[in-house]
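Structure assessment
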Amino acid sequence: MQEILELQKKVVPELVNVLEKRYNLLRTIYHNQPIGRRILSEKLNIGERSVRTETTFLKEQGLIEIHSSGMVITDDGDQVLKKLKNFIHQIKGLTDIENRVKSLLNLKKVIVVPGDVEENQLVLKDLGKACSNYVKDYLKDNCIIALTGGSTLREVVEAFPKINNYSNIQVVPARGGMGKNVETQANTLAASLAKKLNGTYKMLHISESLRLDIIDSLLKEEAVKAVIDTIHKADILIYGIGNAVQMARKRGVPQEEIDNLINKGAVGEAFGCYFNKDSKIITETTAIGIKINDAKKIKTHIAVAGGKNKVESIISTEYNDKNGVLVTDEATAYAILNTMES
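Summary of the structure given here. Remember, predicted model here, so these are calculated numbers, not experimental data. (Residues numbered from 1 in each chain as written. Predicted model: local features only at pLDDT ≥ 70, side-chain atom pairs only at ≥ 80, totals over all residues. Heavy atoms only, no water.)

What follows covers the sheet that holds strand β10 (residues 273-276). Strand order in the open sheet formed by four strands is β8-β9-β10-β11, with antiparallel pairing between adjacent strands. One side of each edge strand has no neighbouring strand; the edge strands of this open sheet are β8 (242-243) and β11 (281-284). Examined bridge by bridge, β8 and strand β9 (residues 266-270) share two bridges and lie antiparallel to one another. Paired with glycine 242 across the two strands is glutamate 269, which belongs to β9. Helix α15 (residues 311-318) contacts β8, β9 and β10 of the sheet and is inclined by roughly 65° relative to β9. (Pairing = 2+ DSSP bridges. Helix = DSSP H or I, 4+ residues; strand = E, 2+ residues; numbered from the N terminus. Contact = heavy atoms within 4.5 Å. Axes fitted to C-alpha atoms, helices over the stretch in contact; angles between N-to-C directions.)

Below you can see the structure in the form of structure tokens.
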């Protein structure tokens, strides 16, 4: 099969381009249905005439329907889209890319989704779907899931279907709250995921921007200690990776401390830890939830991050994490390879 794909790419490379173009059209319609041609054209950054030609073809194949309200995917289109996802993965040679990134970073597993999250926001949804599919294989009765906040983690939660065949699933926030967007807070995401899994959730009502003495006092409260204990018993951890300086600003870190992070060469952040290019921890914020040593003890811990602007951050936080799983996009994976192999 792989040999045939390689021959196709060499002899008729235009077929691969057409296939990927139509896959992107179907995927965009699926995530935005009902959608009109003009908006579809803007989202994919291709001309309306090209969109009209391609959508007419898709309609003739019975993959989409065109209504006054916009275009929608048919059942056949939905099935084709699911099958195309794996085919696109093979035809782009992403399995080889996954193995190379896995080897260079010394990780347990790497999952790469097609596309560039910086050019197409739908790729962010694919990251969420890829992560949720991986996590579903590890769910079991009495499972505890800890997760951090952020827009990428929100996509992970939204990608989960409703699952009712497990008992006593618990979901907890892995860290304290940060930022102003309630919809991407770890507490909010924990509650949403628990409902999808027919489980329960606990909340950690502590902001990471509080003074240390206040946080230390709150951590002594029985209700807070109970949540922290549950977090430390997590079976699955899902987290995002951030740029060190950007994350420090989100946490309300004083400019003096941010300057200190810059001077020390901080490039990546995860679990409240700031890493330099050599993957060494420069500093760690106060412990509100899971810490780096706790995370490494969890057998199933998954980092979800995309964007070429996060390449240094990903390398610094993930390098040599032998139990770590990384879910990223194609463009970021290639950038990681270029950076590490050079």
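There is more to say, and it comes next.
Next up on the list: the pattern of salt bridges. Taken as a whole, this structure holds 13 salt bridges when the rule is applied. The shortest N-O distance in the salt bridge between glutamate 118 and lysine 308 comes to 3.6 Å. Of this pair, glutamate 118 sits in the loop between β3 (109-113) and α7 (122-136) while lysine 308 sits in the loop between β12 (300-304) and α15, and the two are 190 residues apart along the sequence. Overall, the relative accessible area of 41% leaves glutamate 118 in the partly exposed class. Residue glutamate 155 pairs with lysine 125 through a salt bridge whose shortest N-O separation is 3.5 Å. (Salt bridge = Lys/Arg side-chain N within 4 Å of Asp/Glu carboxyl O. Buried < 20%, exposed > 50% of the residue type's maximum accessible area, 1.4 Å probe, protein only.)

Take helix α4 (residues 48-60) next. Between its first and last C-alpha, α4 extends 18 Å over 13 residues, near the 18 Å set by a 1.5 Å rise per residue. When α4 is considered as a whole, its buried residues turn out to be Val51, Glu54, Thr55 and Leu58. Buried residues of α4 fall within an arc of 100° about the axis and therefore sit on the same side. Opposite the buried face of α4, by more than 90 degrees, sit the exposed residues Arg49, Thr53 and Glu60. A positive phi of about 75° marks glycine 62, the residue just after α4. (Expected span 1.5 Å × (residues − 1). Arc of directions from axis to C-beta.)

In this section: empty space enclosed by the protein. Rolling a probe over the atoms, with the probe sized like a water molecule, indicates the empty space that remains. Per the stated rule, a full pass over the model turns up one cavity of 30 Å³ or more. Estimated volume of the largest cavity: approximately 40 Å³. Contributing to the lining of the largest cavity are Tyr239, Ala270, Phe271, Phe275, Ile292, Lys296, Thr317, Glu318 and Asp321. Mapped by element, the contributors of at least two residues to the lining of the largest cavity are α14 (292-297) and α15. (1 Å grid on protein atoms, 1.4 Å probe; cavity = no way out; pocket = protein on both sides within 12 Å on 5 of 7 lines; lining within 4 Å. Points joined across faces, edges and corners; volume = space filled by probe spheres on them.)

Our next topic: the layout of surface pockets. Here the second largest pocket is characterised by a volume of approximately 510 Å³. Counting residues per element, the lining of the second largest pocket draws most heavily on helix α5 (residues 75-91), at five residues. A breakdown of the residues in the lining of the second largest pocket according to their chemical character gives four nonpolar, three polar and nine charged. (Nonpolar A, V, L, I, M, F, W, Y, C, P; charged D, E, K, R; others polar.)

From the geometry alone we can't say anything about function, so treat these as descriptive.
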